[in-house]
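Geometric and topological summary
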Amino acid sequence: TGDDDVVIKILYCGICHSDLHSIKNDWKNAKYPMIPGHEIAGEVTEAGKNVTKFKAGDRVGVGCMVNSCQSCESCDKGFENHCPGMIFTYNSVDRDGTLTYGGYSSMVVVHERFVVRFPDAMPLDKGAPLLCAGITVYSPMKYHGLNVPGMHLGVLGLGGLGHVAVKFGKAFGMKVTVISSSPGKKQEALERLGADAFVVSKDADEMKVCRRVRSSNKT
Ligand SMILES: [Zn+2]
Ligand SMILES: [Zn+2]
């Protein structure tokens, strides 16, 4: 364990669609042997001597990156995802030249900067997908101010990311409309996820409603 590292016993790991692309080498950058998984949830078993944020027994998570240069302008601003020295959780070459291995494993060692704490009320199994699918939606919503109570939010497509956009939107107090090409998703959108409205994108009359809502947001 390095001085800044946290050792994590992995208890759950979400399955991201990127994992499927990676194992099939769809992006032509696969490095084998590969261990996918970047929605990691588990428990700290050991912490290096410089680690201040975590101790053994803490419930933690790791997302899709495990290191960056930690000294460039992007890193200073908290945009480690734009760092030229960013290292992905798996299928990436680490500082020492070895490959990084992901969360479909029993343990992982990660620099404390790239470890997040799970709130007590958040179950590890249910929270794991927030570490990639969740943050992919939450971060831009916060950054672009799409978190204002009463504002109308249109969610285009109700898949892995779309369904969390609905949940975040409702948690922010927004009025959420799901726009989908699949009429069969109406029940899930309205009843299970709590969306306020559902529009079938192939239906021109229904889409007219969206145009009116869009102009009402411009206040
Ligand atoms: Zn992912
Ligand atoms: Zn950097």
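Since the structure is predicted, the reported quantities are computational estimates derived from the model, not experimental observations.

Using the residue numbers shown here, the UniProt feature "domain: Alcohol dehydrogenase-like N-terminal" (unreviewed entry) corresponds to residues 2-120. Annotated as 9% helix and 28% strand, the span residues 2-120 places its first and last C-alpha atoms 27 Å apart.

Turning our attention to helix α5 (residues 160-171). Residues three or four positions apart in an α-helix share a direction because the helix packs 3.6 residues into each turn. With 12 residues, α5 should cover 16 Å at 1.5 Å per step; its first-to-last C-alpha distance of 17 Å lies within 8% of that length. Buried within α5 we find Gly-162, Val-164, Ala-165, Val-166, Phe-168 and Gly-169. With its phi angle positive at about 85 degrees, Gly-173 sits one or two positions after the end of α5.

At this site the zinc ion (ligand 2) is bound by Cys-69 (SG), Cys-72 (SG), Cys-75 (SG) and Cys-83 (SG), with donor distances of 2.3 Å. Geometry at the zinc ion (ligand 2) is tetrahedral, judged from the four donor atoms that bind it and their angles of 104 to 118 degrees at the metal. All donor residues of the zinc ion (ligand 2) come from one chain, and their arrangement in sequence is C-x2-C-x2-C-x7-C. Residue Cys-72 is classed as buried on the basis of its relative accessible area of 17%.

Scanning all chains against the criterion turns up three aromatic pairs. Centroid distance Phe-79 to Tyr-143: 6.0 Å. Interplanar angle 80 degrees. Geometry classified as edge-to-face. Of the two residues, Phe-79 is situated in the loop between α2 (73-76) and β5 (87-88) and Tyr-143 in helix α4 (residues 133-143); the sequence distance between them amounts to 64 residues. When its relative accessible area of 29% is taken as the criterion, Phe-79 is described as partly exposed. For Tyr-143, a relative accessible area of 59% translates into the label exposed. Three or more aromatic residues link up through ring pairs in this structure, and these residues are Tyr-138, Phe-168 and Phe-172.

Calculation criteria
- Each chain has its residues counted from 1, following the order in which its sequence is written.
- Chains and ligands are labelled by the order in which they are written, letters from A for the one and numbers from 1 for the other.
- Only residues with pLDDT of at least 70 are given local features in this predicted model, and only at 80 or more are side-chain atom pairs given and counted; all residues enter the totals for whole chains, interfaces and linings.
- The basis for every side-chain value is the complete set of non-hydrogen atoms in the structure, without hydrogens or water.
- UniProt positions are given in the numbering used here, feature names are shortened, and annotations may be inferred rather than shown by experiment.
- Helix numbers and strand numbers start at the N terminus; a helix is a DSSP run of H or I with at least 4 residues, a strand a run of E with at least 2.
- Under the convention used throughout, the expected extent of a helix is 1.5 Å for every residue step, that is, one less than its residue count.
- Each residue is placed in one exposure class: buried if its accessible area under a 1.4 Å probe, protein chains only, is under 20% of its type's maximum, exposed if it is over 50%, and partly exposed if it falls in between.
- Donor selection uses N, O and S atoms within 2.8 Å of the metal (3.2 Å for Na, K and Ca). Since no water is included, sites may look incomplete.
- Metal sites are grouped by the angles between bound donors: all angles between 85 and 135 degrees with four donors is tetrahedral, opposite donors over 155 degrees apart with the others between 65 and 115 is square planar for four donors and octahedral for six, and any other pattern is irregular.
- Side-chain rings of Phe, Tyr and Trp (the six-membered ring for Trp) are treated as a pair once their centres are within 6.5 Å; stacked means planes under 30 degrees apart, edge-to-face means over 60, and tilted covers the remaining angles.

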